[in-house]
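Here is what each chain is made of, one letter per residue.
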Amino acid sequence: MRLAHKIASSLLGFAIAGSMMACGGGNGQRNDNNADTASVDSIAEALPKFTIDTTLTQIATFMGGLALKPNTNGFDSLLDTEWAKTHYKAFEESWKPLEEQRLGKMREWRDSELKDFQQDGNNLFYPFSGPDFLNAYEFFPNCDNYLMFGLEPAGFMPNKARVDNQYLMGIRKALNEIFKRNYFITSFMGGDLSGKGVLPIVMTFMARTGNQIVSIDRFYIEKDGSFKLEPYTNDKIDTKQLNGLSIEFYNPKRKKTQRMWYIGTDVVDGAMAGKQELVAFIKSFPNKVTFVKSASYTLHSGEFSTIRNLILEDTKAVLQDDTGIRYEVYQEAGWSVQLYGKYARPIADFGGYTYQNALAQAFRDSTQQVRPLNFTYGYHWNTDNTSVLVCRKQK
């Protein structure tokens with residue numbers, strides 16, 4: 001059985017905590033011979049069940065500074081502490097401008113401009129993501145799977161005893177840049193996430209995007225690209241085998257669970273040469289859309305050809321800023337590219353090789369019908385010089 005089929009079969013759950021939700025046939029077709037005799041109960045019984053992990057969901061909710069129901073596993077006593085009140089107040093004060101200035105506008109733009117990316121059965125490929133589940137989910141809320149990669153470790157599983165004042169302060173510090181700029185700075189993350197890893201950040205974002213946690217697992221990738229799942233613990237792991245973090249989660253607005261996969265590993269060509277199982281793992285997910293954001297212009301470099309080729313050859317569409325694949329490469333490959341916003345010279349942190357003459361000319365070309373953008377995206381976060389490219393492979 002192919003990896004994608006295994007994943008699909010595990011993502012068909014409709015029941016939460018033992019209660020079932022009925023729905024029609026998955027393929028949208030009706031069998032008239034059985035239409036009068038098939039009961040709702042028999043349909044529901046045939047569907048896989050899943051159960052929300054209430055403890056993990058409550059921890060994520062608490063870290064995200066969101067309201068908890070009374071009498072929830074002893075969290076009431078934590079909510080009464082001064083440090084918890086400080087966390088809730090500080091988190092909301094930081095989140096509110098992010099929501100008003102960026103996230104709300106991003107969702108409106110997504111619903112208008114990315115309709116064809118929202119169909120069921122898509123999977124998201126997000127290289128250079130770090131723990132940025134937030135933007136991945138805001139732009140692509142309907143994907144079955146989210147494949148995310150970064151240099152940061154997966155980290156340790158939080159629990160109620162671990163999530164104290166210092167822990168919450170560390171989370172807020174780690175989120176400072178995304179509150180301010182809406183992207184993470186890799187060089188800052190090591191210190192900010194020290195002893196934590198990306199797991200608490202991803203859990204926080206899941207809570208803030210209305211998701212509940214079903215399970216948190218560790219997965220090991222086999223040499224053929226298949227995988228095995230194990231419960232995620234803080235015990236010593238087998239480092240001889242490529243492994244990562246996987247979270248199955250559920251949004252009540254949807255009819256099935258979704259899953260995020262995160263691997264903390266270097267994807268430069270020199271490192272990828274010894275990780276062919278990772279390439280096979282990525283390729284096993286069909287119907288992929290790629291997301292690139294604030295990626296340090298790595299895809300302009302010849303040292304990241306493996307990832308660049310995966311995007312061009314194995315995905316059907318890309319949402320990116322100018323730090324992704326160069327515009328002329330899409331032109332040469334025959335992709336269609338819709339431009340949004342404005343193009344400006346890359347910020348001074350990066351070399352002159354990152355400037356794209358072809359892209360600058362395209363933004364100046366009146367025939368390109370560049371569309372406006374009313375939110376910032378990427379390194380020009382404090383100006384209106386944000387450029388976004390929506391690239392679609394032509395059939």
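Let me begin by describing the structure that accompanies this report.

### Overview of the pairing of strand 4 (residues 145-150)
The buried count for strand 4 comes to six of six residues, which makes it a mostly enclosed element. As paired strands, strand 3 (residues 123-126) and strand 4 are joined by four bridges and run parallel to one another. What sits directly across from Tyr 126, in strand 4, is Met 148. Handedness of the crossover is the feature at issue here: the chain leaves strand 3, passes through helix 6 (residues 133-139), returns alongside strand 4, and the resulting connection is right-handed. Strand direction decides the pairing type here: strand 4 and strand 8 (residues 258-264), joined by six bridges, are parallel. The residue of strand 8 that forms the bridge with Met 148 is Tyr 262.

### Section: the pairing of strand 6 (residues 227-231)
As defined by bridge partners, strand 5 (residues 212-221) adjoins strand 6 across five bridges and the pair is classed as antiparallel. Within the sheet, the bridge partner assigned to Asp 217 lies in strand 6 and is Pro 231. What sits between the antiparallel neighbours strand 5 and strand 6 is a turn of five residues, in which Gly 225 has the positive phi angle 90°.

### Notes on unusual backbone geometry
Positioned with a positive phi, Asn 287 is a non-glycine residue whose angle comes to about 50°. When you line up the elements, Asn 287 lands in the loop between helix 12 (276-283) and strand 9 (288-292). Asn 287 sits in the partly exposed class, given a relative accessible area of 42%. Located in the positive-phi region is Ser 296, a residue other than glycine, with phi close to 55°. Looking at where Ser 296 falls in the secondary structure, it is placed in the loop between strand 9 and helix 13 (305-314).

### Structural notes on the sheet that holds strand 12 (residues 387-392)
The mixed open sheet is built from 10 strands, whose spatial order is 6-5-7-8-4-3-9-10-12-11. Both edges of this open sheet fall to strand 6 and strand 11 (336-341), since each of them pairs with a single strand only. Between one strand and the next, the sheet's axes are offset by a mean angle of 20°, whatever the strand orientation. Looking at chain direction, strand 11 and strand 12 are connected through six bridges and run antiparallel. By the bridge assignment for strand 12, Gly 341 is matched with Ser 387. Here helix 5 (residues 82-113) sits on the sheet and contacts strand 10 (317-320), strand 11 and strand 12; the angle it forms with strand 12, its principal contact strand, is near 30°.

Cut-offs and rules
- Residues numbered from 1 in each chain as written.
- Predicted model: local features only at pLDDT ≥ 70, side-chain atom pairs only at ≥ 80, totals over all residues.
- Heavy atoms only, no water.
- Buried < 20%, exposed > 50% of the residue type's maximum accessible area, 1.4 Å probe, protein only.
- Helix = DSSP H or I, 4+ residues; strand = E, 2+ residues; numbered from the N terminus.
- Pairing = 2+ DSSP bridges.
- Right-handed = clockwise from strand over helix to strand, strands pointing away.
- Axes fitted to C-alpha atoms, helices over the stretch in contact; angles between N-to-C directions.
- Contact = heavy atoms within 4.5 Å.

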